[in-house]
Amino acid sequence: MTAPPGRRTLARYWRFVALSLGSAVILAALLLGALRLAIALVPGNADRIVAWIERETGLRFQFAQLDARLRAYGPEVVLRDVRILDREGREPLFATREGAVGLDLWSLFRTGELVAGRVRFSGARITVVRLEDGRIRLLGLRERPAEQPPFDFERLPAGRVDIRDSTVEYRDLASGRRSWVLRDVGLVAYRARGHVNVTGSARLPSDLGTRLEFEARLEGALDTLSSFDVRLGVDVEQLQLPGLAQALPPRAARPTAGAGRLAAMVDLRRGRLHQARLEFGFRDVALQLPPRAVPPIEAVEVTAPHREPGAPPLAMPVVEKRLVERPAPARPAQGRYATLAGDVRL
C-alpha cells in the first residue's frame, strides 16, 4: 500500500532533521576529539589555542590546566584555576575557578572558521571598590590613562558572557561602611554595538534579604560618569529594612524592623538622573528617629485681668502681654507603621 504524498513529505522532513542533528553531534564530537588530541600530543598547540582564545575574547589568561569538553551547544575549551588579566596582560582583573570558551558551530558550518560563541566563568570572586573621591574600580587596578578606562564595556568579549556561582564584594572606602558580599551571583551579558545588556541574580547577605534580580543596559565607561549611560532595574522579593541602616546618611531615620518587596528603576544619561521609579510594600516597619535639637516655642503669655492700684471702682480691668519661650514637646524616639507602601516616580 502506497503512503499518501503528505506523509511521504513529512517523513522526508524528519529524516532531514535527524540527519542534520546527527551530523552536528558527530562534528562536535570530532572537534572535541581533535581539540583534546591537539592539546595532549603537541605542547605548542596549547599555546596556539590559548592565543586564539585571547584573540577572540580580547582578554589575557593565566591558568593551571587546559582541557576540552562537549556541551549541549557544542565543544568548548576549558581553562581551570584562571586569572583574568587586562588586555595588556599587566594587571589581574579577577580570579575564577574555571573559564570556558564555546565554539560557534553555526559559524563553522557557514564560513568554515572557528569563532567563539560564548564565554563563561565559574566560581569568580570580584571585589569592587568605591574610592574616597567617588570613583569605582576593581580591587588591585592601578591608575590607567584616560583613553584606557578600566570599565570600558567595549573591552568586553563580543557575544555572550556567562558568569556563574560567583561572589562579588563591594567596599565603600568613601564612607567607611562595612563591605557587602553578594553570593551565588549569576549573570548573562550580551555586548551589542555600542552597549551591553545584562540580566542576572544574586543571593543577598542574610541581614539584607533573600535574592536580588536585576537587568541593565550599559554604555560608556563607568570610571567616567560624564560619559556613562545606564538603565538599571532591581527587584528584591524580601528585603530586610534593618540591613539598609548602614547605607543611610548619619542623621536619617534608621529602620529597626520591617520587611517586604522593593522594585527600583534608575535611568542615567551622561551621569545625570533622567528617570527613576521606586515601588515598595513593607510590613511591620519600625524606625529609630534621630535626635534633633528643636528650638523653643515662642508664645504670648497674657496675665489675669486686674485693676491698676488706685484705679476707680468702675475702671475696666487690664491685662498684660509678654513674649516667652517654652520648651518644645519631646519628640517620639520611634515611629511604627503596620504597612508602608508606595509608588514614587521622578
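All values derive from a computational prediction rather than experimental measurement.

Reading the values: rules and limits
Residues numbered from 1 in each chain as written. Predicted model: local features only at pLDDT ≥ 70, side-chain atom pairs only at ≥ 80, totals over all residues. Heavy atoms only, no water. Helix = DSSP H or I, 4+ residues; strand = E, 2+ residues; numbered from the N terminus. Contact = heavy atoms within 4.5 Å. Areas by Shrake-Rupley, 256 points an atom, 1.4 Å probe, with all protein chains shown as cover. Patch = residues over 30% accessible without salt bridge, like charges linked within 9 Å, V, L, I, M, F, W, Y side chains within 5 Å. Salt bridge = Lys/Arg side-chain N within 4 Å of Asp/Glu carboxyl O. Buried < 20%, exposed > 50% of the residue type's maximum accessible area, 1.4 Å probe, protein only. Phe/Tyr/Trp six-rings, centres within 6.5 Å; stacked < 30°, edge-to-face > 60°. pLDDT = per-residue confidence, 0-100. Core = buried A, V, L, I, M, F, W, Y, C linked by side-chain atoms within 4.5 Å. 1 Å grid on protein atoms, 1.4 Å probe; cavity = no way out; pocket = protein on both sides within 12 Å on 5 of 7 lines; lining within 4 Å. Points joined across faces, edges and corners; volume = space filled by probe spheres on them. Nonpolar A, V, L, I, M, F, W, Y, C, P; charged D, E, K, R; others polar.

Asks: Tell me about the overall build of the chain, and please be specific about residues and values.
Replies: Across its full length, the chain carries three helices and 17 strands. Taking the contacts inside the chain whose residues are at least 6 apart along the sequence as the reference set, 53% of them involve residues at least 24 apart. By element, 59% of the accessible surface of the chain is carried by carbon and sulfur atoms, the whole surface being about 21,200 Å².

Asks: For a nonpolar patch on the surface, give the residues involved together with the corresponding values.
Replies: A surface patch of nonpolar side chains, amounting to about 440 Å² of accessible area, comprises Val266, Leu273, Leu278, Val344 and Leu346. Structurally, the position occupied by Leu278 is in strand 14 (residues 272-288). Overall, Leu278 belongs to the partly exposed group, its relative accessible area being 33%.

Asks: Give me the lowdown on the packing of aromatic side chains, citing residues and values where you can.
Replies: One pass over the full model with this rule turns up one aromatic pair. With a centroid separation of 5.9 Å and 20 degrees between ring planes, the pair formed by Phe280 and Phe282 is classed as stacked. Of the residues examined, Phe282 reaches a relative accessible area of 7% and is grouped as buried.

Asks: Describe the confidence of the model for the chain, with residues and values.
Replies: Caution is warranted with low-pLDDT regions, since their predicted coordinates should not be read in detail. For the chain, the average pLDDT comes to 77, and 71% of its residues sit at 70 or higher. Contacts from residues 39-43, a stretch scored under 50 in pLDDT, to residues over four places away or in other chains number six contacts. With pLDDT under 50 throughout, residues 142-147 is counted as low confidence; its partners more than four residues away or in other chains account for eleven contacts.

Asks: A description of the nonpolar core should follow, citing residues and the corresponding values.
Replies: Of all hydrophobic cores here, the largest spans 39 residues; its most connected members are Ile53, Phe61, Ile84 and Phe121. Among residues more than four places away in sequence, those in contact with Phe121 are Leu59, Phe61, Ile84, Phe94, Thr96, Glu98, Gly99, Val161, Asp162, Ile163, Arg164 and Ser166.

Asks: Quick one: what's the story with the pattern of salt bridges, residue by residue and with numbers?
Replies: Summed over the entire model, instances satisfying the criterion amount to 15 salt bridges. Between Arg345 and Asp343 there is a salt bridge, with the nearest N and O atoms lying 3.6 Å from each other. Judged by relative accessible area, Arg345 falls into the exposed class, the value being 56%. The network of salt bridges with common partners includes Arg277, Glu279, Asp343 and Arg345.

Asks: A description of the environment of Pro290 should follow, citing residues and the corresponding values.
Replies: Within the element layout of this structure, Pro290 appears in the loop between strand 14 and strand 15 (297-302). For Pro290, a relative accessible area of 12% translates into the label buried. With 44 residues separating them along the chain, Pro290 and Gln334 place their C-alpha atoms 8.8 Å apart. Residues in contact with Pro290, not counting those within four places in the same chain, are Arg251, Ala252, Ala253 and Arg331.

Asks: Help me get a handle on the environment of Leu218, residues and values and all.
Replies: Mapping Leu218 onto the fold places it in strand 11 (residues 211-219). The buried category is assigned to Leu218, whose relative accessible area is 14%.

Asks: Can you lay out the layout of surface pockets for me, pointing to particular residues and giving the numbers?
Replies: For the second largest pocket, the calculated volume is near 240 Å³. For the second largest pocket, the lining is made up of 13 residues, of which Leu241, Leu244, Pro255, Phe282 and Leu340 are closest to its centre. Those elements giving two or more residues to the lining of the second largest pocket turn out to be strand 13 (254-269) and strand 14. The dominant element in the lining of the second largest pocket, judged by the number of residues it contributes, is strand 14, at five residues. Of the residues in the lining of the second largest pocket, the class split is 13 nonpolar, no polar and no charged.

Asks: Break down the side chain of Glu98 for me, citing the residues and quoting the values.
Replies: With respect to the helices and strands, the residue Glu98 is situated in strand 4 (residues 92-103). Glu98 has contacts with Arg69, Val78, Leu79, Arg80, Val82, Arg120, Phe121 and Ser122, leaving out every residue within four places of it along the chain.

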